[in-house]
Amino acid sequence: MELYQILIIAGVVVTALVVFLVISGKKNKWVSTEDFQTAKGKLKRDCSEEEFDAFFSFLKTYKGGYVRRSAGQIVEQGYLGKEKGDLKGIFFNVVYPNHNLSTGRKEEFRRYLVSVGVNGLDERPSYETRDNKLKNRATDEDEYQRKAVGNAGEQAVRNVLDQLDPEKYAVINGPVLKLEGVTREYDHIVVGVNGLFVIETKAFGMTDGKSARASLFIDAGDKWIIRKNGNNRDLESPTKQVMEEKRHLEQITESLVEVHPILVLSNTQLFVKQNISLSYDVIRQDALKDFIEGYNEILRENEKSLILQKIDRSRIN
């Protein structure tokens, strides 16, 4: 082989090696949090074991959206606070109640979440006890289904809140806040450029976690009635719960700004007839994003940061 041919081949090999190193370096330098949101969106409440395994494998590869670099290389990586909150919700709303997953897979997932810093999962749930109860008692099955519908409703609202601009809105899903011995679990809190919102979610009229045709009437005396399939049923008014959450959050934030309470109805096929005035807003989840973005108030950046600090200090999950 002639010398010039050897040189040409050597040049091709070196070029290929350089390209490989550059590509590898780029992969090490780039982490897209959008990948997490995409993978999360594919995981449904009744996902199969194969779908769950795909998501779990992605998590182990993704390793989190928080990245610290040195000399262009990743030297530290972990899950963002928002991602940890989403993972906790996935465990309780998708993994824990899923009949398609074995107890071993559920427990392996929980242990992984604990290892990456997800709070509130330190104790192993009684998977077997719950499964046995569901097999033996119809009332427990009904209760399980009711909670499953509620969880599906909360997840639907999370998906809507995920569409808010993260540079303008901080979304906190499922926080448990404690102040002076009083502990409350919130569905969602939004701290935005135009206000502080506390959101309670109700899945009135949903069937098997899906929207269904029904009518909700809010009448004098704070009486709530739902009509579905030609039958009327009285509902417990959520007013006390919503207003207690508002007052509790105002105490935590020391009334820096007014807390705007919202009751969100996750059933997008629910017709609502409100015949009385309430001290909070009642809206369907398909109108939530526009409602929040259109709220006419201004929250300065320093106020937003201080509110988030006070909420974080009160969190126990």
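Preceding block: the structure.
These lines cover the structure that appears in this document, whether it is placed above or below. The structure displayed is predicted, hence computed values, not measured ones.

About the criteria used
Residues numbered from 1 in each chain as written. Predicted model: local features only at pLDDT ≥ 70, side-chain atom pairs only at ≥ 80, totals over all residues. Heavy atoms only, no water. Pairing = 2+ DSSP bridges. Helix = DSSP H or I, 4+ residues; strand = E, 2+ residues; numbered from the N terminus. Axes fitted to C-alpha atoms, helices over the stretch in contact; angles between N-to-C directions. Parallel < 35°, antiparallel > 145°, perpendicular 65-115°, else oblique. Left-handed = near helix turned anticlockwise from the far one by under 90°. Contact = heavy atoms within 4.5 Å. Nonpolar A, V, L, I, M, F, W, Y, C, P; charged D, E, K, R; others polar. Salt bridge = Lys/Arg side-chain N within 4 Å of Asp/Glu carboxyl O. Buried < 20%, exposed > 50% of the residue type's maximum accessible area, 1.4 Å probe, protein only.

**Focus: the pairing of strand S10 (residues 231-235)**
Taken together, the five bridges between strand S9 (residues 223-228) and S10 define a ladder with antiparallel strand orientation. When the sheet's bridge partners are listed, Ile 226 is paired in S10 with Arg 233. As consecutive antiparallel partners, S9 and S10 are separated by two residues, and within that stretch Asn 229 has a phi angle of approximately 55°, a positive value.

**Here's the deal with the packing of helix H3 (residues 49-62) against helix H4 (residues 81-95)**
With their axes 14 Å apart at the nearest point, H3 and H4 run at an angle of 160° to one another. When the axes of H3 and H4 are compared, the pair comes out roughly antiparallel. As for the relative orientation of H3 and H4, their crossing is left-handed in sense. Contacts from Phe 52, Phe 55, Leu 59 and Tyr 62 of H3 reach H4 at Glu 83, Leu 87, Ile 90 and Val 95. A breakdown of the residues in the contact of H3 with H4 according to their chemical character gives seven nonpolar, no polar and one charged.

**Comments concerning the environment of Ile 218**
In this fold, Ile 218 is placed in strand S8 (residues 214-219). C-alpha separation for the pair Ile 218 and Ser 237, spaced 19 residues apart in sequence, amounts to 8.9 Å. The residues contacting Ile 218, other than those within four sequence positions of it, are Lys 223, Trp 224, Val 272, Lys 273, Gln 274, Asn 275, Ile 276, Leu 278 and Val 282.

**Thoughts on the sheet that holds strand S7 (residues 195-202)**
Adjacent strands of a sheet pair through backbone hydrogen bonds, lying either parallel or antiparallel. Reading across the sheet, the five strands line up as S3-S6-S7-S11-S13 and stay open at both edges, with mixed pairing between neighbours. Single-partner strands in this sheet number two, and they are strand S3 (169-173) and strand S13 (281-284). Each strand of the sheet is rotated relative to its neighbour by a mean of 25°, with strand direction disregarded. By the bridge criterion, five bridges tie S3 to strand S6 (residues 188-192) in an arrangement that is antiparallel. Within S6, the position partnered with Ile 172 by the bridge is Ile 189.

**Quick word on the pattern of salt bridges**
The final tally for this structure, using the stated rule, is 18 salt bridges. Residues Arg 68 and Glu 76 are paired through a salt bridge, measuring 2.9 Å at the closest nitrogen-oxygen approach. The exposure class assigned to Glu 76 is partly exposed, which follows from its relative accessible area of 35%. Between Asp 86 and Arg 158 there is a salt bridge, with its nearest N and O atoms 3.8 Å apart. Here the residue Asp 86 occupies a position in helix H4, and Arg 158 occupies one in helix H7 (residues 138-161), the gap between them amounting to 72 residues.

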